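Each chain, written out:
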Amino acid sequence: MDTSTLGVPYYPTNDFGPLMKGLVIGGLGIFHVFLAQFAIGGGALMTYFEWLSGKGKLPSARRFTDGYFKVLVLVSFVVGALTGVGMWFTSIQTSPRTIGLMVDTFHWVWATEWTFFALEVIAGYCFYRYGKDLDSRSRLFLLGLYTTASWFSLFWINGILSWQLTPGAWLEGGDLWAGFFNPTFWPSLFFRTVAAMAIAALVAALVLSVSPTLEQDEKKELLHRAAHLLAPMALMPLLGAWYLFAMPKDSRSWVLGGSPAMSMFFGVGAGASLLVGLYAIVGLLWRRLNVNGATASLLVALGFAASAGGEFVREGARKPFTVRETLYSNAMTPAEIVTLREEGSVTRDPYPLRDDQVFPNDQVRLGAKVYRFQCSVCHTMGGVNGIVHLAGTWTGEQTRLNVAKLQHTKPFMPPFAGTPEELEALVRYIEWEAAERPSPFEVTNDAATLAQIKRWLDEAGTAPGYTTRPASVKK
């Protein structure tokens, strides 16, 4: 459908049932990031081991790189590539306008990233297919090529992802490189590089613990060498602090206590990293502790928890935007909020509701369309992050006030973008769902109530909550 004449673009939306759309993307994204970072770190570890083997310092290293670990690295970058495509496909289903802006802004950067990814695939396949028949120098070249290409793939995609949180000077003139080398580019890149090396070392410990072809002394020596890739974890506190202080102040405040969920996941990530780091120092580098299969599995699980916590914080800290100061999380621009306050957010929405006949009246039907357009990207009605769970116990007046001043009720929420009639319809839709969909259901159209909603909307304004406070709530 051609929506170019409709002003604000409308896209057909997908419903994932009780699963929050962001949770679908987030779950797939965390799995993808863990695999992709292991593929990078795994390449670095195999390159290091091949160098040790070629120098005669660790003869058993070649058997290790030609064994299970090589297969794991290969599988990780293949599965990582597939989940990466799946993640972008899912993102397009839930926030097509955000993905469109990213492609429109960085299409050549993205194309460059894909050339390095293609080089990574070619080098990895050649090593997997012909590695055993090559001399040490050729093997080292292929592994070095694979590792370099995979790291540069991270380099390019890191610029695009960090731009979403801190677009920097791109906001002033749209300069591509100002957006790419944004304030969180370098701390994010270095942190991810250290994380990739740590993940590879932890997986190596797990593979070594179950390897049937290596002697115990060989395992210990290989484990000690693999642990060298954990040493850069000592820099993580500094890199994490650098990243935090490069964030906008409001985003940092949500991570450090302003949002219980973000603070919890920040704690999970930091705590898991600390435990892995302590075990690495005491057990692997100083050789004071043994690592059996159970311990190695636990360390890998902690590494996954640290990755998951970090990715959740990175995604959550962008709120209320998907691209800071440019697109809100529900894919509206700040300027469009002003227009939609007057015209209505779904007045021009061309897409019908699914199962339109189940709604008891036009007001609830309107509320369902407002929910779909403004809320459904981050909420469900009765599932994960369900609006009924969040607001179902509020009185009608509480709901009207909190939604009208949404960006001040919770500063990581975007401002409400519709008319008083749309807000009242949304409130009635929530009440209808909370009451388990009764039929018939009363229509409310009290003029005094709509006038009060209009006053609350005017007091709230249309700016993000972290920039302004209405006079009525100033302390």
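Bear in mind that the values here come from a model prediction, so they are computed numbers and not experimental data.

Caption draft 1: Inspection of the pattern of salt bridges at higher detail. Under the definition given, this model contains 21 salt bridges. Residue Glu-311 is joined to Arg-192 by a salt bridge in which the shortest nitrogen-to-oxygen separation is 3.1 Å. In this pair, Glu-311 sits in helix α13 (residues 293-316) while Arg-192 sits in helix α8 (residues 185-210), placing the two residues 119 residues apart along the sequence. Just as Glu-311 is buried, Arg-192 falls in that class too. The shortest N-O distance in the salt bridge between Glu-431 and Arg-428 comes to 2.7 Å. In this pair, Glu-431 and Arg-428 both sit in helix α19 (residues 420-434), three residues apart, roughly one turn of the helix. Assessed through its relative accessible area of 23%, Glu-431 is described here as partly exposed. Counted as one network, the salt bridges with shared partners bring together Arg-192, Glu-311, Arg-314, Glu-315 and Arg-318.

Caption draft 2: Structural view of the environment of Phe-141. Positionally, Phe-141 belongs in helix α5 (residues 136-165). Residue classification places Phe-141 among the exposed residues on the basis of a relative accessible area of 58%. Once the C-alpha coordinates of Phe-141 and Phe-127 are considered, the two residues, 14 residues apart in sequence, prove to be 9.6 Å apart.

Caption draft 3: Spatial organisation of unusual backbone geometry. Note that the residue after Lys-319, namely Pro-320, is joined by a cis bond; omega there is 10 degrees. Tracing the backbone through its elements, the reader meets Pro-320 in the loop between α13 and β1 (321-323). Going from Ser-439 to Pro-440, the amide bond is cis rather than trans, its omega being 5 degrees. In this structure, Pro-440 sits in the loop between α19 and α20 (447-460). Positioned with a positive phi, Glu-325 is a non-glycine residue whose angle comes to about 65 degrees. Its identity is not glycine, yet Glu-436 carries a phi of approximately 65 degrees, on the positive side. Within the element layout of this structure, Glu-436 appears in the loop between α19 and α20.

Conventions we followed
- Residues numbered from 1 in each chain as written.
- Predicted model: local features only at pLDDT ≥ 70, side-chain atom pairs only at ≥ 80, totals over all residues.
- Heavy atoms only, no water.
- Salt bridge = Lys/Arg side-chain N within 4 Å of Asp/Glu carboxyl O.
- Helix = DSSP H or I, 4+ residues; strand = E, 2+ residues; numbered from the N terminus.
- Buried < 20%, exposed > 50% of the residue type's maximum accessible area, 1.4 Å probe, protein only.

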